[in-house]
Amino acid sequence: MFNGNTAGTTTIFCPKQIAVNGGRGFAQSSGLCTNGESGAFSGAALGSQSLSDLAQGSTEMTTRTVSNTIVERREQEQQRCQNGLTRVNGVCRSLGRARNETAAGEVLSVEARVRERIERRVRLESRPGTRRIEAREPRGTVRRSNVAVRQTEPTRTVTEEPAIQPVLPIVPIDPLFRVGAFARGFGDYEERSGRSTSSLTAAVDAVGTPFTTIASVPVVINSNSRSTVTGMVGGIDFTARGLLSPDDGLIFGPIGGYVFGNTRITSTVNSTNSALVGNGSSVVNATSSGPSTGAFATYFSGPFSMDVMYKVDLLSMRENFVDNQAYGAGIDLFGGSFNVLAPSFATITGSGTTSLRAHNLVGNLNYRFSVTQQVWVEPTLGTQVQWSDYDSSASLLGLKNGRTVRVQLGSRIGFDTEYNGIRFTPILTGLAYNDVDVRGGFVPFTDTGAFAASAVPLSGTGASVLGIRQQGLWRGVAAATLIADFGNGFSSFIQADVRGGQNLFGAGGRGGLRYQW
């Protein structure tokens, strides 16, 4: 279908029987619906092709949510103190040492105040011209009959405060594996636009002759898509520390979830000569939904960390459309003469379903630099590979298997603080990404569709496929994240992001809880 080589393919966007220009023998070719006498661009067929790209938006949301979960979990573990340790001024210390340092600081504070008072009194008494007159008898002297008798000073028992004894530090011992469970909900909105220029030939009366001529009429095809995606992701994570070095760790586990996406694509076909080719329009509504499954792992050692994740979304896709096709002026071949037919219109409706297995493989390398004991910066570099496996029924919707390779780079900056026994970590993230290799995903139209059924060729030329996704464009993502660790096994996570680039705008949010036992 849609290979542009013949005019014999019937599709849901171009049934054989259409109530225009002869009414029979229509087929799809190069994005046009034609019977050789007249043709029209099918905006629904062109819009349907972009569904492969938009379906990837649904699976991309689950991928982004899992990737953020990995970062959040790794951040918690990197900042966590092992059993028997507590965080003091951003540094993990033993409980005994922390108490000793606190008590010693209080003693030193008292001694400093006493020393200051003594030094102040000595300075006052040592001033020049200062006289001291002792008018009192020495302490312990009793006057009897004008005779001073000195009594013996009574014996006193002085009890000294015992010195602060050091408390032996508790040896930090972690279990071999610690287990936790998490759940995340997410929602996202995305808008894309595309523009394509093409042309459609039309028959014109040749003045003064019994024959017709063919005119090429430029047309402009505009498309806009709006998508919403909602869903949830959950999983179990296993954590082990001290595998290869005292400060390294490994976190891994399975993931699962469910995603629901809704897409609406509106297209217009605007002619530059409405006397020869009319203006058309179409609306395509599509839904994609299904479960997700996969696994993830992250390893960190000191400032270095590496994340990897594989996930597959098993999606069911359904679309319905209304296509107002504008046909150019044609030739009445079936009538046995070369009569020119005026531009006409036909409304085509239909629906179709298919299934999709959307695979995602993500890998990131990160390295953390400490600015202070609480502030850190973490550059990141990674890649993401998406590939889609469609059911055979997808060809009726103009879809086929495809692959996209993405690279991304950026940085995160975080701040660790504590308030009322809760550790908070706000994180700001900035990333740039580029789809460096995009292959397949839709059944391509040829630039020139030679679908003539007679000696008089009618054809459509130009770029027939809408540029909803364009390879090689840099786009950006900015995200704000807040992690809260309540210290009793519970932690929470919330994030908002915005992304954009040429012909693209998107915004979303996600949040959830984790419990460790």
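What counts, and at which threshold
Residues numbered from 1 in each chain as written. Predicted model: local features only at pLDDT ≥ 70, side-chain atom pairs only at ≥ 80, totals over all residues. Heavy atoms only, no water. Helix = DSSP H or I, 4+ residues; strand = E, 2+ residues; numbered from the N terminus. Expected span 1.5 Å × (residues − 1). Buried < 20%, exposed > 50% of the residue type's maximum accessible area, 1.4 Å probe, protein only. Pairing = 2+ DSSP bridges. Salt bridge = Lys/Arg side-chain N within 4 Å of Asp/Glu carboxyl O. Patch = residues over 30% accessible without salt bridge, like charges linked within 9 Å, V, L, I, M, F, W, Y side chains within 5 Å. Areas by Shrake-Rupley, 256 points an atom, 1.4 Å probe, with all protein chains shown as cover.

Colleague: Mind showing me how you'd approach helix H2 (residues 51-79) here?
Modeller: Three- or four-residue spacings in an α-helix give side chains the same orientation, since the helix completes a turn every 3.6 residues. In this model H2 runs 42 Å from its N-terminal to its C-terminal C-alpha over 29 residues, within 8% of the 42 Å that 1.5 Å per residue would give. The element H2 is extensively covered by neighbouring structure, given that 29 of its 29 residues are classed as buried.

Colleague: Hey, could you run me through the pairing of strand E20 (residues 422-442) in this one?
Modeller: Remark: a regular strand shows side chains that alternate across the two faces of the sheet. Direction of pairing for strand E18 (residues 399-415) relative to E20: antiparallel, over a ladder of 14 bridges. Note on E20: the bridge partner recorded for Leu409 is Ala432. The pairing of strand E19 (residues 417-419) with E20 spans three bridges and is antiparallel. Pairing of Glu418 across the sheet is with Arg423, part of E20. Hairpin geometry of E19 and E20 is characterised by an intervening segment of two residues between the two adjacent antiparallel strands and by a positive phi of about 55° at Asn420. Inspection of the sheet shows E20 paired to strand E23 (residues 474-485) by twelve bridges, in the antiparallel sense. Within E23, the position partnered with Leu428 by the bridge is Ala480.

Colleague: Any chance you could explain the pattern of salt bridges here in plain terms?
Modeller: Close approach of charged atoms lets side chains of opposite charge pair. What the rule picks out here adds up to 24 salt bridges. As a salt-bridge pair, Glu77 and Arg241 come within 3.0 Å of each other at their nearest N and O atoms. Of the two residues, Glu77 sits in helix H2 while Arg241 sits in strand E9 (residues 212-241), which places them 164 residues apart along the sequence. Asp437 is paired through a salt bridge with Arg439; the nearest N and O atoms lie 3.2 Å apart.

Colleague: Where do I start with a nonpolar patch on the surface in this structure?
Modeller: A cluster of nonpolar side chains, contributed by Phe304, Met306, Leu365, Tyr367 and Phe369, occupies part of the molecular surface with about 470 Å² of accessible area. Looking at where Leu365 falls in the secondary structure, it is placed in strand E15 (residues 344-367). A residue is classified by how much of its surface remains accessible, and Leu365, at 44% relative accessible area, is partly exposed.

Colleague: I would appreciate a short explanation of unusual backbone geometry in the present structure.
Modeller: In terms of backbone geometry, most residues other than glycine have negative phi values and most peptide bonds are trans. If you check the backbone angles, Asn420 has positive phi at about 55° while not being a glycine. Despite not being glycine, Asn503 shows a phi value in the positive range, around 60°. Mapped onto the elements of the fold, Asn503 is located in the loop between strand E24 (490-501) and strand E25 (504-516). A residue is classified by how much of its surface remains accessible, and Asn503, at 33% relative accessible area, is partly exposed.

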